[in-house]
Amino acid sequence: MDQTHERKMSIEGAEGRPTPPTSLPLQGEGGVASQRKKLSAPRISLSLDQSEDDLFDTPDDLDINVDDLDTPDEADYTDHEIDWEEPQASQRESAKESVDPIPTYTAEDERQDAKLWRTVIIGEQEHRINMKSIEPYQKVVSHGGYYGNGANAIIVFAACFLPDSDREDYHEIMENLFLYVISTLELMVAEDYMIVYLNGATPHRRMPGLNWLKRCYQMIDRRLRKNLKSFIIVHPSWFIRTILAITRPFISSKFSSKIKYVNSLAELEELIPMEFIHIPECIVRLDEELQEAAESSKINSFLQGSEIPQQSIAQPSASSS
């Protein structure tokens, strides 16, 4: 024991402090379990008036006058007063806005939502059309009355009402619009019919793509393809001519023979009755501009042509002289 004690003292003298234990002993020396050391809590003084000397001395009697203490009503909290029973109006409004009840889903709302979707059958297959997404573009197809014996329908397709291709939801709209056009054709057509394609006043970004037109042709029922008598394109552009030239290998020769190009509304009126055909205002203005340009071109050609004979006549006279 003395040697062990001396060794510990030498270590403490060398380092100035005892060596910390490397583990926490669970049992004391000699196999006797260690006991917890009980610490006594310090005495707390509740005196409001105490000095440094009696900091830990507890008075026998606590003489506290409750009446002299300031209550919340008498304290200086006028600017931040809180009424626990009746909140302020602004607090009531904010609380009301945050806990507004969820509106009740009525039967009328359910009927309105049902109108946003239309179920159609195309090629013996059921499809659903989102009518809300194509609501601004439903004017793209319309009924233009009848021709011949009164049973042949006129279907008007106005490309100027198509969506812009730079829209983020362009493909979704065109998919629903494609189903809408095909299903509308089946509803409008009873026997023979013709399609009037209004191509004028349509910027390039609104022109339907080649794949879209190809799908329209392929998805049209065989009865509709057979009963189509003519496909009239009004104000054809080089772009639509190019598309039709590219798609010619995918379509039958009979369908190609039904395509006709019309350069003015006056020329269209000579082919079919225009009484019930709705022509958009932008196409009417374009037709007027094209007619004015055509008249100016004719006048210029006439003036240039009238000068040429005079020159040809002057040359022989000059040679004869």
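Note that the coordinates shown come from a computational prediction; the quantities given were computed from them, not determined experimentally.

Student: Got a minute to help me understand the overall build of the protein in this structure?
Tutor: Tallying secondary structure elements over the protein gives 10 helices and 7 strands in all. For the protein, contacts bridging at least 24 residues in sequence account for 70% of all contacts bridging at least 6. For the protein, the computed accessible surface area is about 24400 Å², with 52% contributed by carbon and sulfur atoms.

Student: I tried to follow the pairing of strand E3 (residues 141-147) on my own but got confused; where do I start?
Tutor: The side chains of a regular strand alternate between both faces of the sheet. Inspection of the sheet shows E3 paired to strand E4 (residues 152-158) by 5 bridges, in the antiparallel sense. Counted as the bridge partner of Tyr-147 is Asn-152 from E4. The loop that links E3 with its antiparallel partner E4 comprises 4 residues; one of these, Gly-148, has a positive phi angle of about 70°.

Student: Sorry if this is basic, but what is going on with the packing of aromatic side chains here?
Tutor: The geometry of an aromatic ring pair is captured by two quantities: the separation of the ring centres and the angle between the planes. A full pass over the atoms with the stated rule returns 6 aromatic pairs. Taken together, a centroid distance of 5.5 Å and an interplanar angle of 10° make the contact between Phe-157 and Tyr-197 stacked. One end of the pair, Phe-157, is in strand E4; the other, Tyr-197, is in strand E5 (residues 193-198), and 40 residues separate them in sequence. Comparing Phe-157 with Tyr-197, the two get one shared label, buried. For the pair Trp-238 and Phe-239, a centre-to-centre distance of 6.0 Å together with 90° between the ring planes defines the contact as edge-to-face. Connected via pairs of aromatic rings, a cluster forms that spans Phe-157, Phe-178, Tyr-197, Trp-212, Phe-231 and Phe-255. Here the basic side chain of Arg-215 rests over the ring of Phe-178, its NZ or CZ set 4.3 Å away from the ring centre. Directly above the aromatic system of Tyr-261 lies the positively charged group of Arg-241, at a separation of 4.3 Å from the ring centroid.

Student: Looking at this model, I keep getting lost on the nonpolar core. Mind explaining?
Tutor: A general tendency of soluble globular proteins is for nonpolar side chains to be buried together. Membership of the largest hydrophobic core comes to 43 residues, with the highest contact counts inside it found for Ile-155, Leu-177, Tyr-193 and Tyr-197. Within the residue set of this core, elements represented by two or more residues are strand E1 (117-122), E4, helix H4 (170-188), E5, helix H5 (210-219), strand E6 (228-234) and helix H7 (238-247). The element that contributes the greatest number of residues to this core is H4, accounting for 10 residues.

Student: Help me understand the packing of H4 against H5, please; the structure alone is not making it clear to me.
Tutor: To characterise two packed helices, one gives the angle between the axes of the helices and the distance between these axes. Their axes nearest at 11 Å, the elements H4 and H5 cross at an angle of 35°. Crossing handedness for the pair H4 and H5: right-handed. Together, Met-174, Glu-175, Leu-177, Phe-178 and Ile-182 of H4 and Trp-212, Arg-215, Cys-216 and Met-219 of H5 make up the contact between the two elements.

Student: Can you help me understand the sheet that holds E5 in this one?
Tutor: Working definition: the strands of a sheet are paired by backbone hydrogen bonds and lie parallel or antiparallel to each other. Taken in spatial order, the 5 strands line up as E3-E4-E5-E6-E7 in an open sheet, and their pairing is mixed. The two strands at the open ends of the sheet, each matched to only one other strand, are E3 and strand E7 (259-262). Taking the axes of each pair of neighbouring strands and ignoring which way they run, one obtains an average angle of 25° across the sheet. Inspection of the sheet shows E6 paired to E7 by 4 bridges, in the parallel sense. In the strand pairing of E7, Ile-232 is matched with Lys-260. Packed onto the sheet, H4 meets E3 and E4 and runs at close to 25° relative to E3.

Student: What is the right way to read the pattern of salt bridges from this model?
Tutor: A side chain of one charge can pair with a side chain of the opposite charge if their charged atoms are brought near each other. Under the criterion given, the structure shown has 6 salt bridges. For the salt bridge of Arg-167 with Asp-169, the shortest nitrogen-to-oxygen distance reads 3.0 Å. Since its relative accessible area comes to 29%, Asp-169 is described here as partly exposed. Across the pair Asp-192 and Lys-229 runs a salt bridge whose closest N-O atoms are separated by 3.9 Å. Pair noted here: Asp-192 is in the loop between H4 and E5 and Lys-229 is in strand E6, with a separation of 37 residues, a long-range link. We classify Asp-192 as partly exposed; its relative accessible area is 23%. In this structure Lys-229 comes out as partly exposed when scored by relative accessible area, which is 44%.

Student: Even after reading the chapter, I still don't get a negative patch on the surface, so can you show me in this structure?
Tutor: The grouping of Glu-281, Glu-288, Glu-289 and Glu-292 at the surface amounts to a negative patch. Topologically, Glu-292 is positioned in helix H10 (residues 281-320).

Student: Looking at this structure, how should I read a positive patch on the surface?
Tutor: A cluster of basic residues, Arg-222, Arg-225, Lys-226 and Lys-254, forms a positive patch at the surface. Sort the elements by how many residues they give to the positive patch and helix H6 (residues 222-227) lands first, with 3 residues. Structurally, the position occupied by Lys-254 is in helix H8 (residues 253-257).

Rules behind the numbers
- Residues numbered from 1 in each chain as written.
- Predicted model: local features only at pLDDT ≥ 70, side-chain atom pairs only at ≥ 80, totals over all residues.
- Heavy atoms only, no water.
- Helix = DSSP H or I, 4+ residues; strand = E, 2+ residues; numbered from the N terminus.
- Contact = heavy atoms within 4.5 Å.
- Areas by Shrake-Rupley, 256 points an atom, 1.4 Å probe, with all protein chains shown as cover.
- Pairing = 2+ DSSP bridges.
- Phe/Tyr/Trp six-rings, centres within 6.5 Å; stacked < 30°, edge-to-face > 60°.
- Buried < 20%, exposed > 50% of the residue type's maximum accessible area, 1.4 Å probe, protein only.
- Lys NZ or Arg CZ within 6 Å of the ring centre and 35° of its normal.
- Core = buried A, V, L, I, M, F, W, Y, C linked by side-chain atoms within 4.5 Å.
- Axes fitted to C-alpha atoms, helices over the stretch in contact; angles between N-to-C directions.
- Left-handed = near helix turned anticlockwise from the far one by under 90°.
- Salt bridge = Lys/Arg side-chain N within 4 Å of Asp/Glu carboxyl O.
- Patch = residues over 30% accessible without salt bridge, like charges linked within 9 Å, V, L, I, M, F, W, Y side chains within 5 Å.
- Lys, Arg positive; Asp, Glu negative; His and termini not counted.
- Charge placed at Lys NZ, Arg CZ, Asp CG, Glu CD.

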